[in-house]
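Listed here are the chains, written in short residue letters.
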Amino acid sequence: MPNGICYLVGAGPGDPLLLTLKGRDCLAKADVVVCDHLANPALLQFAGAGAEIVHAGKKAGDHAMAQAAINQLLVERTQGGATVVRLKGGDPFLFGRGGEEAEALAEAGCAFEVVPGVTSAIAGPAYAGIPVTHRAHNTMLTIFTGHEDPGKSSTTLDYGAIARAPGTKVMLMGIERLQAITENLMAAGMSPQTPVALVRWATTGQQKTLCSTAGEVAGAAAKADFKPPAVAVFGEVVDLRGSLNWFESLPLFGRRIAVTRTRRQGGELAARLRSLGADAYEVPTIRIEPAPDKRAFYEAVAYAHGYDWLVLTSPNGADAFFEAFFEIYKDARDLGAVRIAAIGPATAARVRSYRFQVDAMPERFLAGEIAAAMEKETSLENLKVLLARASGADGELPAGLSQRGAIVDDVVAYRTMPETGGAGIQRYRTEGADLVTFTSASTAENFQSLALPEPKGVVYASIGPVTSRAMREQGLAVGLEASRHDIPGLVEAIVAFFKKTHSNPHLDE
Ligand code: SAH
């Protein structure tokens with residue numbers, strides 16, 4: 001029988017970058033990933049394409065799968081020889097029933113390993129600007145759960161012990177029971193003046209923090225309709241937030257940004273926005289499909305060495321070209337001496353990722369300027385140019401090249417199809433966005449064809465003039481256009497836009 005193993009992996013508190021390197025390695029080799037509802041689904045990008053994903057969420061009141069069934073699933077799949085990753089929010093051994101899962105595995109004789117994670121008990125306060133310990137304030141940290149096994153008849157929470165313990169207290173779960181919990185703590189001697197912070201969806205762009213005191217926090221939370229998941233921090237250290245509130249001060253903190261993109265493009269834009277604090281999520285609008293006339297495309301690729309120039313106008317075009325090329329040829333030298341032009345840095349980077357150098361790239365990333373960049377290398381008179389692009393691309397580029405005397409073959413390398421389903425589209429429908437980004441004409445066209453409702457006050461942001469033109473044609477008002485037409489340029493423009501024009505409704509203190 002093959003040897004299965006189960007890894008109990010801490011997913012970290014929410015920000016996908018807070019997964020450990022070891023956790024990422026485990027995901028990469030998993031046959032099965034069993035997620036809980038607090039583990040950020042974005043982490044599933046680190047699992048292989050063939051991995052089976054099981055959502056074994058456990059929200060209060062919504063038991064997607066009972067614990068016994070989860071234990072059984074882990075044991076059965078491990079015994080069946082699979083490499084199983086049990087992905088659990090925060091750290092697997094802190095109030096997540098990871099201990100019980102490990103026991104079930106041990107009892108069944110299954111191999112297992114534990115990969116600790118960054119716990120929300122410490123990272124949550126940290127992202128709210130609260131160090132759980134500080135030499136000047138405390139020497140002790142108590143972590144307790146506000147939610148016990150509902151099957152238990154009497155409470156095992158010793159409020160007296162918690163209230164008497166010096167230092168910071170952090171409570172996980174039980175945010176719905178704050179009234180009873182704070183009353184019990186105060187009855188056991190906690191001062192009603194004790195500073196308290198509640199941090200919801202900590203470490204993500206949706207983070208919300210509420211500051212109060214032990215005496216008033218339950219009322220304040222009810223008034224603000226403060227919902228789980230949240231951690232509660234009790235103690236003097238909460239006041240340090242006044243000067244240490246770094247995350248919520250990031251330039252895009254809390255801005256809800258929908259990033260239109262193709263399923264195959266890397267999530268670079270959303271990742272950059274998130275690193276500046278944004279609540280960025282992706283709305284895939286288009287899907288890349290192979291060239292409809294595969295034969296014509298493959299013939300052009302096979303004969304690429306017979307051209308003087310190969311012109312690529314998008315990362316997707318570069319992927320389509322080189323994937324076809326390496327299907328046909330085993331040796332990179334079969335590309336011969338053809339020069340390669342790329343329309344912008346993203347396309348150039350993709351070309352280089354296949355270990356080919358780029359011979360020409362225009363200074364401004366516009367189709368109209370690429371011919372000029374190529375002419376810096378050689379006159380185009382009578383040269384053979386292979387243009388590998390999306391179906392339906394406009395005629396400006398081939399016309400410009402022909403005008404300069406080039407003999408142009410314009411082949412369809414791939415086509416974009418509208419994407420109609422998925423979690424991103426669903427989220428846009430229900431939650432909308434403060435801003436929507438467009439990075440190509442086709443994202444604008446396909447976004448409009450989805451006929452999504454327009455959120456109040458939404459701003460449409462464009463990467464450059466070609467995209468803006470397509471947006472206007474689609475009836476999308478261009479609220480801002482990047483002056484450098486690449487991803488960093490777009491991010492810069494978005495930061496500048498929010499800085500000068502809008503107060504941040506997400507900062508409500
Ligand atoms: N093992 C997890 C805790 C599981 S219990 C850990 O180490 O973080 C679930 C509780 O964790 C939630 O009720 C909430 O109190 C807390 N929690 C988890 N993720 C959180 C987040 N992003 N923001 C705030 N609280 C979080």
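The model shown is predicted, which means the values in this text are computed figures rather than measured ones. (Residues numbered from 1 in each chain as written. Predicted model: local features only at pLDDT ≥ 70, side-chain atom pairs only at ≥ 80, totals over all residues. Heavy atoms only, no water.)

Some points on the overall build of the chain
Within the chain, the secondary structure is distributed over 18 helices and 21 strands. With respect to the principal axes defined by its C-alpha atoms, the chain has extents near 90 × 65 × 45 Å. A buried classification covers 50% of the 509 residues belonging to the chain. For the chain, long-range pairs separated by at least 24 residues make up 68% of all intrachain contacts whose partners lie at least 6 apart in sequence. A total accessible area of about 23,500 Å² is found for the chain, and carbon and sulfur atoms account for 52% of it. The average position of the 49 basic charges and that of the 56 acidic charges among the side chains of the chain differ by 1 Å. (Helix = DSSP H or I, 4+ residues; strand = E, 2+ residues; numbered from the N terminus. Buried < 20%, exposed > 50% of the residue type's maximum accessible area, 1.4 Å probe, protein only. Contact = heavy atoms within 4.5 Å. Areas by Shrake-Rupley, 256 points an atom, 1.4 Å probe, with all protein chains shown as cover. Lys, Arg positive; Asp, Glu negative; His and termini not counted. Charge placed at Lys NZ, Arg CZ, Asp CG, Glu CD.)

Quick notes on the pattern of salt bridges
Overall, the coordinates contain 22 salt bridges when judged by the stated rule. Between K88 and E101 there is a salt bridge, with the nearest N and O atoms lying 3.1 Å from each other. Highlighted residues: K88 in strand β6 (residues 83-88) and E101 in helix α3 (residues 98-107), separated in sequence by 13 residues. Each member of the pair, K88 together with E101, is buried. (Salt bridge = Lys/Arg side-chain N within 4 Å of Asp/Glu carboxyl O.)

Quick word on the side chain of K169
Following the sequence through the fold, K169 ends up in strand β9 (residues 168-172). Despite its burial, K169 pairs with no opposite charge, the nearest such side chain being E236 at 9.6 Å. Of the polar contacts made by the side chain of K169, one reaches the backbone oxygen of A165; its length is 2.7 Å. A polar contact is formed between the side chain of K169 and the backbone oxygen of G167, at a distance of 3.2 Å. Setting aside chain neighbours within four positions, we find K169 in contact with T142, F144, I162, A163, M190, A232, V233 and F234. (Polar contact = N/O pair within 3.5 Å; in protein donor to acceptor, adjacent residues only side chain to side chain.)

Structural notes on the site of the ligand
Around the ligand sit 17 residues, and of these P13, L94, T119, S120 and A230 come closest. W201 places a main-chain nitrogen or oxygen 3.4 Å from a nitrogen atom of the ligand. Interatomic distance of 2.8 Å between a backbone N/O atom of A202 and a nitrogen atom of the ligand. Per-domain counts for the shell around the ligand show at least three residues from each of domain 1 (5-118) and domain 2 (122-249). (Near = heavy atom within 4 Å. Domains from an automatic or database assignment.)

Side note on the domain arrangement of the chain
Where interface size is given, it is often the accessible area lost as the parts come together that is meant. Under the domain assignment, the chain is made up of domain 1 (5-118), domain 2 (122-249), domain 3 (256-285 + 419-508) and domain 4 (289-417). Domain 2 and domain 3 are separated by 36 Å when their C-alpha centres are compared.

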